[in-house]
Amino acid sequence: MPMSTPVVATGNATPVPNGQPVEYRRIYVWEMPVRVYHWINAVALVALCVTGYMIGAPIRMFYAAEAYQQYWFGWVRFIHFTAAFIYVFNFLARLYWGFVGNKYSSWAAFFPLKRSQRQEIVDVIKADVFEVKMHGPISTGHNALAGFIYFGTFLAFVFQTITGFALYSSMSNSWLPRMFNWIVPLLGGDFGVRFWHHLFLWFFVTFIIVHIYLAFYHDYIEGRGTVSSIIGGWKFDRVEKRGK
Amino acid sequence: MGQSIWSSMQQKGYSRREFMQFCAAAATVAGFGQAGVAQVASAFEKKEKPAVIWMHFQECTCCSESFIRASHPIVVDALLDVLDLNYTETLMAASGFQAEKSLTDTITKNKGKYIVLVEGAVPTADGGVYCMIGGKTAESILQTVAKDAAAVVAWGSCASNGCVQAAKPNPTGATPIYKLVDKPVINVPGCPPIADVMMGVVTHLLVLGQVPALDSQGRPKEFYGRRVHDTCYRRPNYDAGLFVESWDDENARKGYCLYKMGCKGPVTYNACSVVKWNEGTSYPIQSGHGCIGCSEAGFWDNGPFYQHLASFPGFGIESTADTVGTVVGVATLAGVAAHAVVTNIRKRGVIAEVHAEDQKES
Ligand code: HEM
Ligand code: SF4
Ligand code: SF4
């Protein structure tokens with residue numbers, strides 16, 4: 001559309017498909033390790049949730065065969081444990097990247113330490129929950145609220161890892177799971193550990209729903225490639241032309 | 001005092017052959033194997049037999065009942081015959097002041113050498129009034145008795161983790177022994193513990209004169225090192241995903257795994273599937289019923305017995321974590337959907353706003 005014919009939304013007129021041309025700058029936000037972490041984590045987490053749920057409530061299948069002919073429940077558990085190891089080491093790699101990666105992936109992005117971050121939390125709540133103040137200067141990387149919620153998620157990761165390995169220690173002699181034995185008496189025995197480990201499944205399910213939705217929502221209201229950024233790594237920042 | 005087990009057996013008329021049988025059985029039960037027989041025999045010939053005090057507090061005596069049904073009767077007989085079982089409310093002949101005297105005598109004469117076996121939890125609420133013997137609270141008796149003991153064994157789940165009287169809301173403040181005495185306690189949980197396991201622990205103490213290797217919860221590793229699930233003969237069905245779906249289905253008849261019927265084998269550390277009960281006859285799972293986790297702390301509160309996970313506190317008996325989770329998940333989905341609808345209704349406004357801003361800037 002020719003630049004000379006901008007159509008402006010007025011009071012009661014229907015908004016038109018294009019506003020004024022605005023310049024955007026391309027910013028490399030999510031480096032390769034962060035993107036790889038994200039997708040390994042996504043796949044492992046979904047696998048853990050699905051297999052974990054099946055461990056808790058096995059479905060009815062193949063009742064015709066004899067025990068020695070099949071091992072499906074064993075496989076479900078095997079996938080859970082394999083995914084668990086991948087997930088934990090992947091998580092550790094991400095923690096490391098929080099110290100060596102770019103500023104968007106830095107550990108500091110996950111804590112609202114600065115005043116501006118706390119202000120942004122208020123803004124984002126206004127945009128997300130009340131749907132007022134639908135856009136404005138939202139951080140290019142994680143917005144402060146998202147960052148802080150991810151920190152909460154990390155804590156849940158840690159909890160799930162501790163309880164998971166504590167459960168695993170009863171079926172393994174290796175040192176890694178044994179390091180997490182101490183949680184067992186604290187939660188009142190293996191039963192308690194299993195109960196909490198199971199309960200946290202639902203935290204992850206809820207998180208996945210909200211996370212995916214908000215990624216799409218922000219993609220929409222911010223209009224600068226939130227969703228594609230976790231695939232290609234780039235986001236777009238409006239270039240301020242005048243003033244400031 | 002000062003007598004060995006062998007000499008006291010001789011006095012009671014046991015033959016050398018019976019003594020050797022006893023040693024062999026004791027060695028097996030304590031897990032020493034054949035090579036250990038000689039060691040056991042020599043210990044029983046030379047070592048002074050220890051005095052034993054068996055206390056009964058808040059309990060149902062199922063541990064004692066279990067103990068006298070060990071699968072090697074000669075071991076029980078001989079132990080009861082030859083041990084200086086100086087005080088035990090249920091089995092001793094003495095009563096009243098005589099019994100009390102026997103207790104204090106044992107403690108003073110065998111300072112630091114006697115073994116204390118405790119059956120039952122100790123109530124601590126309201127000054128301990130809920131269990132008193134001879135005018136003294138269970139707790140004060142326990143403290144007196146445990147102070148100079150060589151070893152303290154907690155018999156059964158009551159003494160090890162409080163069992164039924166410690167179940168919520170625990171009105172008497174029932175407390176397991178290890179929380180009250182400041183020396184290591186050997187926990188032998190189970191409701192009741194398996195007779196042969198009890199024999200094994202006592203024999204270990206007698207023969208080696210030392211505490212067996214314990215796990216982080218004070219249980220002898222020998223017997224509580226593995227889960228019921230790890231040694232269960234139905235395990236292949238578990239791995240194959242073959243589960244009993246209801247008590248009277250075809251799968252139950254075929255002996256499939258009882259996991260979905262609430263079997264607590266996967267979270268219970270005990271020797272049931274190896275040692276079994278009643279002279280090795282059977283154990284609960286073999287008889288078609290899931291494990292209820294009787295040797296685990298808090299098993300009464302982890303119910304219902306026929307459910308894989310406990311009910312979720314505060315949401316009624318039937319609701320598990322999954323019910324609550326499903327509600328939360330569905331509510332989230334609904335919230336997100338409603339949000340999406342509102343966003344789309346506001347879509348025009350938002351686009352207009354964005355354009356207005358673009359306008360301002362350029
Ligand atoms: C964060 C994602 C995870 C989720 C959502 C998850 C979920 C679950 C669920 C729902 C169960 C079934 C519990 C029951 O009802 O019996 C389970 C079991 C288990 N999980 Fe996880 N888990 C996760 C991570 C882990 C990790 C990191 C480990 C570490 C090794 C682990 C190890 C186990 C073990 C050992 C079991 C018991 C399996 C059995 O019964 O043999 N999990 N998990
Ligand atoms: S019956 Fe119980 S202990 Fe046996 S394999 Fe099944 S779940 Fe495990
Ligand atoms: S199978 Fe389980 S409930 Fe039954 S006696 Fe053994 S530990 Fe207790």
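Quick caveat, the model's predicted, so the values are computed rather than measured.

A.B. asks: Is there a simple way to explain the overall build of chain B in this structure?
C.D. replies: A count of helices and strands for chain B gives 15 helices and nine strands. Relative to its 362 residues, chain B shows a buried fraction of 54%. Of all intrachain contacts in chain B linking residues separated by at least 6 positions in sequence, the fraction that spans at least 24 positions is 71%. Here chain B displays about 15,700 Å² of accessible surface, and carbon together with sulfur accounts for 58% of that area. Once the 31 positive and 34 negative side-chain charges of chain B are each reduced to a mean point, those two points are 4 Å apart.

A.B. asks: Any chance you could explain helix 2 (residues 16-29) of chain B here in plain terms?
C.D. replies: Each full turn of the α-helix corresponds to 3.6 residues, which orients residues three or four apart in the same direction. Residues and elements named next belong to chain B. Its 14 residues place the ends of helix 2 20 Å apart at the C-alpha level, agreeing with the 20 Å of an ideal helix rising 1.5 Å per residue. Here helix 2 has its buried residues at F19, F22, C23, A25, A26, A27 and V29. At the C-terminal side of helix 2, G31 shows a positive phi close to 80°.

A.B. asks: Even after reading the chapter, I still don't get the packing of helix 2 (residues 72-100) of chain A against helix 4 (residues 144-168) of chain A, so can you show me in this structure?
C.D. replies: Residue and element names in this part refer to chain A. Close contact between helix 2 and helix 4 brings their axes to 11 Å; oriented N to C, the two are set at 140°. Considered as vectors, helix 2 and helix 4 are oriented oblique to each other. Crossing geometry of helix 2 relative to helix 4 is assigned as left-handed. Of the residues in helix 4, those in contact with F81, F85, Y87, V88, F91 and L95 of helix 2 are F154, F157, V158, Q160, T161, F165 and Y168. Considered class by class, the residues forming the contact of helix 2 with helix 4 number eleven nonpolar, two polar and no charged.

A.B. asks: I would appreciate a short explanation of the coordination of the iron atom of ligand 1 in the present structure.
C.D. replies: For a metal with four tetrahedral donors the ideal donor-metal-donor angle is 109.5 degrees, while six octahedral donors give ideal angles of 90 or 180 degrees. Residue and element names in this part refer to chain A. Those protein atoms acting as donors to the iron atom of ligand 1 are H80 (NE2) and H197 (NE2), and they sit at 2.0 to 2.1 Å. Taken together, the six donor atoms coordinating the iron atom of ligand 1 span angles of 83 to 180° at the metal, a pattern that classifies the geometry as octahedral. Linking H80 in helix 2 with H197 in helix 7 (residues 190-222), this pair joins segments that are 117 residues apart in sequence. Take H197: its relative accessible area is 15%, and that puts it in the buried class.

A.B. asks: Can you help me understand the site of ligand 3 in this one?
C.D. replies: Near ligand 3 you find T268(B), N270(B), C272(B), W277(B), P284(B), C291(B), I292(B), G293(B), C294(B) and S295(B), and these make up its full shell. Taken together, the residues of the shell around ligand 3 sort by class into six nonpolar, four polar and no charged.

A.B. asks: Where do I start with helix 14 (residues 321-345) of chain B in this structure?
C.D. replies: Between the first and last C-alpha of helix 14 of chain B there are 36 Å, a value that for 25 residues agrees with the 36 Å anticipated at 1.5 Å per step. Of the positions making up helix 14 of chain B, those classed as buried are A321(B), D322(B), V324(B), G325(B), G329(B), T332(B), V336(B), H339(B) and T343(B).

A.B. asks: How should the site of ligand 2 be read in this particular structure?
C.D. replies: Taken together, the residues surrounding ligand 2 are H229(B), C232(B), R234(B), R235(B), Y238(B), C257(B), L258(B), Y259(B), C263(B), G265(B), P266(B) and I285(B). Of the residues contributing to the shell around ligand 2, the split by class is eight nonpolar, two polar and two charged.

A.B. asks: Could you clarify how one ought to interpret the domain arrangement of chain B in this entry?
C.D. replies: Often the size quoted for an interface is simply the accessible area lost on bringing the parts together. Residues and elements named next belong to chain B. According to the domain assignment, chain B consists of domain 1 (5-224) and domain 2 (226-310). Spacing between the C-alpha centres of domain 1 and domain 2 amounts to 28 Å. Facing the 20 residues of domain 1 at the interface are 16 residues of domain 2. Of the roughly 1,500 Å² buried between domain 1 and domain 2 on both sides combined, carbon and sulfur atoms contribute 61%.

Here is what the cut-offs are and how they apply
- Residues numbered from 1 in each chain as written.
- Chains lettered and ligands numbered in written order.
- Predicted model: local features only at pLDDT ≥ 70, side-chain atom pairs only at ≥ 80, totals over all residues.
- Heavy atoms only, no water.
- Helix = DSSP H or I, 4+ residues; strand = E, 2+ residues; numbered from the N terminus.
- Buried < 20%, exposed > 50% of the residue type's maximum accessible area, 1.4 Å probe, protein only.
- Contact = heavy atoms within 4.5 Å.
- Areas by Shrake-Rupley, 256 points an atom, 1.4 Å probe, with all protein chains shown as cover.
- Lys, Arg positive; Asp, Glu negative; His and termini not counted.
- Charge placed at Lys NZ, Arg CZ, Asp CG, Glu CD.
- Expected span 1.5 Å × (residues − 1).
- Axes fitted to C-alpha atoms, helices over the stretch in contact; angles between N-to-C directions.
- Parallel < 35°, antiparallel > 145°, perpendicular 65-115°, else oblique.
- Left-handed = near helix turned anticlockwise from the far one by under 90°.
- Nonpolar A, V, L, I, M, F, W, Y, C, P; charged D, E, K, R; others polar.
- Donors = N, O, S within 2.8 Å, 3.2 Å for Na, K, Ca; no water.
- Tetrahedral: all angles 85-135°; square planar, octahedral: opposite > 155°, others 65-115°.
- Near = heavy atom within 4 Å.
- Domains from an automatic or database assignment.
- Buried area = accessible area lost by both parts, 1.4 Å probe.

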